[in-house]
Amino acid sequence: GLHVLDARSEQGDQRSTARVCVASDPPAAADAAGEAETRVCRRYEDGTSTLVRDHVRGWRSGRLDRVLAGDFDLIGERAGSGGQTQ
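As a starting point, this report considers the structure included with it. (Residues numbered from 1 in each chain as written. Predicted model: local features only at pLDDT ≥ 70, side-chain atom pairs only at ≥ 80, totals over all residues. Heavy atoms only, no water.)

**Observations regarding the side chain of S61**
Tracing the chain through its elements places S61 in strand β5 (residues 59-61). Classification of S61 by relative accessible area gives buried; the value is 1%. Reaching out from S61, the side chain makes a polar contact with the backbone nitrogen of R63 at a distance of 2.9 Å. (Helix = DSSP H or I, 4+ residues; strand = E, 2+ residues; numbered from the N terminus. Buried < 20%, exposed > 50% of the residue type's maximum accessible area, 1.4 Å probe, protein only. Polar contact = N/O pair within 3.5 Å; in protein donor to acceptor, adjacent residues only side chain to side chain.)

Here it is as structure tokens:
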């Protein structure tokens, strides 16, 4: 799916987009899911206030630094409770 980073600064706003594709076994299942992968899965906002929103699992966090550092425990906590974190 798509991952979108919106970076805001005094010099202006900048948007970066990356398409992420996860391969799975068997390959036929991955091919069938390919069409659904064009949606925005996660949006990251960097600037004076940070926010990460996962549109697939329904969680959000203000800890952009921890999410980008790969803190999967943080993501799992939020996804399991369906809530928010600071």
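**Comments concerning the pattern of salt bridges**
Pairs may arise between side chains of opposite charge once their charged atoms sit close together. Per the stated rule, a full pass over the model turns up eight salt bridges. Salt-bridge contacts for R8 lead to D13; the nearest nitrogen and oxygen are separated by 3.7 Å. Taking the relative accessible area as the measure of exposure, R8 reaches 43% and is therefore partly exposed. For the salt bridge of R57 with D54, the shortest nitrogen-to-oxygen distance reads 3.4 Å. Owing to a relative accessible area of 4%, D54 belongs among the buried residues under this scheme. Put simply, D6, R15 and R43 are held in one network by salt bridges that share partners. (Salt bridge = Lys/Arg side-chain N within 4 Å of Asp/Glu carboxyl O.)

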